[in-house]
Amino acid sequence: MLEKELDLFSVQINQTFLWERIRISVFREIAQKKGRGQAHTQKDKLKDYVHGFGLWLKNIIHRNPYFTGEHNFLFIGHQRRKLEEDGYWWDIYCDPIHEQGKLDYIHLEMPYLLSHRIPAKTENLRYLELIKYGGTLQQKLGLRSPSLPDDIISQLRDVEAEIRRRFDVEVDIVLEAREALHIRNITLPWYERLLERVNPEVVVVLVSYENKTLIEACKRKEIPVVELQHGVIHDHHFGYSYPDDKIKTTFPDYLLTFGAFWNENTRFPIPDDRIIPVGYPYLEEQLDRYDDIEPSEQLLFISQGTIGRELSQFALKVHEDDRVDHEVVYKLHPGEYDRWEIEYPWLVESDIQIIDESEPPLYRLFAESSAQIGVGSTAVYEGLCFDLQTFVFEADDADVLQPLVEDGTASMVRDIDELARQLGSSATNQFDHERFFKSDSVANILEELVRIRDTQRVKR
């Protein structure tokens, strides 16, 4: 493996391990240059900065986290919120915990697509523009710019050459390293001041690999960090899966997973006893909400930007094939909403039902359907909880759902013939709900968070 052969995990500058800072972005860039689609719309950096600076001015008083008091728990929520039937935009991973628990918390979030969704369900909410865009301004001014020693540059150039040889693509590793270190140098003091202000006993994050500098600040101040699982975790996910005996200094201290299956599925860089199955609160709520809906002969396609071109073309073939009597519904990922008409023009010209907004909700679509097909989405696992006949379309990232195929829960399909032959068969899946999504999730999460907090109090 490239990482082991080049000993990349040992590369460090001033005790900052460099490879873990850029690992996931490097592999994403390789994948995109090899033709993989984009999960989310690419940002216009200038537009992002200009609008972001406006957000910063707008929320510098009203939602400034540095004006808050002390709290036992600090949550860094998910940027993408979901509009629910109550008219509020929910952080679906954190709000069920806030709503049912009685934790003393403050909840922080970054903007998503240059905005914050309002009205937000979350109480005690603050925004992180001051760090994100204040840091960007300092970066553009060249403040705290890192210096890379010649031997490190030489080593990174060797990595570039090896990537060029193996994958036939150009990736500027030196530039990636400079930018990652620059952002780290700028934002680390901001995060440290934030932690001093809030003085939390526990920090809870979503998407740990997007919060590496915050986690570093927490470790410096000996504050335990807990990550809540937010999506598929698998053995090829560069944010979580690490080679045997390798550590990641900016990995959370604890990872609370949806169920035992996810614990077994990856080589994590923390001890096994700190990877704890707790469940998925939002999924539990949705299963209860749509329990009385009768399904129809409807085949639900679960899209993702990374494989949307191939999957949408296949959906059109299925829709037009006389052997398929199911109604075809194509559910776009939120990251595709604003660009699918340009990137998938064949869908525009078809009469397939396209879902390109939050309504109807994904879980209602699950409840109304009898079958689903996807490639590597967490949603496919969730759809199994609604007893859907499940197919995995063979494309890049299909290995994410391979465990479902291996145990007979799902069927791999390569073409319309295979799908038409199997769709609607009476075979029942063997999905073990509890193994993938542990029940009583909110109670489990609150129990673990309180236990970690109490352990921290003893240490202090």
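Right above here is the structure, for reference.
All of these numbers come straight from a predicted model, not from anything done at the bench. (Residues numbered from 1 in each chain as written. Predicted model: local features only at pLDDT ≥ 70, side-chain atom pairs only at ≥ 80, totals over all residues. Heavy atoms only, no water.)

Student: Explain the pairing of strand β6 (residues 105-109) to me, and be specific about the residues and the numbers.
Tutor: Within β6, 5 of the 5 residues are buried, which leaves it mostly tucked inside the rest of the structure. Judged by which residues are buried, β6 turns out to be covered on both faces: Tyr 105, His 107 and Glu 109 on one side and Ile 106 and Leu 108 on the other are all buried. Pairing analysis gives 4 bridges linking strand β3 (residues 73-76) to β6, with the strands arranged parallel. Bridge pairing in β6 places Ile 76 opposite Leu 108. Both β6 and strand β7 (residues 125-127) contribute to a ladder of 3 bridges, which runs parallel. When the sheet's bridge partners are listed, Leu 108 is paired in β7 with Arg 126. (Buried < 20%, exposed > 50% of the residue type's maximum accessible area, 1.4 Å probe, protein only. Helix = DSSP H or I, 4+ residues; strand = E, 2+ residues; numbered from the N terminus. Pairing = 2+ DSSP bridges.)

Student: Before we move on, can you summarise the packing of helix α6 (residues 150-167) against helix α7 (residues 173-198) with the specific residues and values?
Tutor: Between two packed helices, what matters for the description is the angle formed by their axes and the separation of those axes. Viewed as axis vectors pointing N to C, α6 and α7 meet at an angle of 130°, and their least axial separation amounts to 8 Å. Between α6 and α7, the angle falls in the class oblique. Each of Ile 153, Leu 156, Arg 157, Val 159, Glu 160 and Ile 163 in α6 lies in contact with α7, whose residues at this interface are Ile 173, Val 174, Ala 177 and Arg 178. (Axes fitted to C-alpha atoms, helices over the stretch in contact; angles between N-to-C directions. Parallel < 35°, antiparallel > 145°, perpendicular 65-115°, else oblique. Contact = heavy atoms within 4.5 Å.)

Student: Requested: an account of the sheet that holds strand β17 (residues 411-413), with residues and values cited.
Tutor: Here 6 strands make up an open sheet; going across it, the order is β14-β13-β12-β15-β16-β17 and the pairing parallel. Of all strands in the sheet, those with a lone pairing partner are β14 (353-355) and β17, marking the two edges. Averaged over all pairs of adjacent strands, the angle between their axes in this sheet comes to 25°, without regard to strand direction. Pairing of strand β16 (residues 389-393) with β17, which is carried by 3 bridges, proceeds in the parallel orientation. When the sheet's bridge partners are listed, Val 392 is paired in β17 with Met 412. Most of the contacts of helix α11 (residues 308-320) go to strand β13 (residues 327-331), to which it runs at about 165°, and overall it touches β12 (298-302), β13, β15 (371-374) and β16.

Student: Describe α11, naming the residues involved and giving the relevant values.
Tutor: For α11, with 13 residues, the first-to-last C-alpha span of 18 Å sits near the 18 Å given by 1.5 Å per residue. Turning to α11, its buried residues are Gly 308, Leu 311, Ser 312, Phe 314, Ala 315, Leu 316 and Val 318. Residues of α11 that are buried make contact with β12, β13, α13 (345-348), β15, β16 and α17 (416-422). (Expected span 1.5 Å × (residues − 1).)

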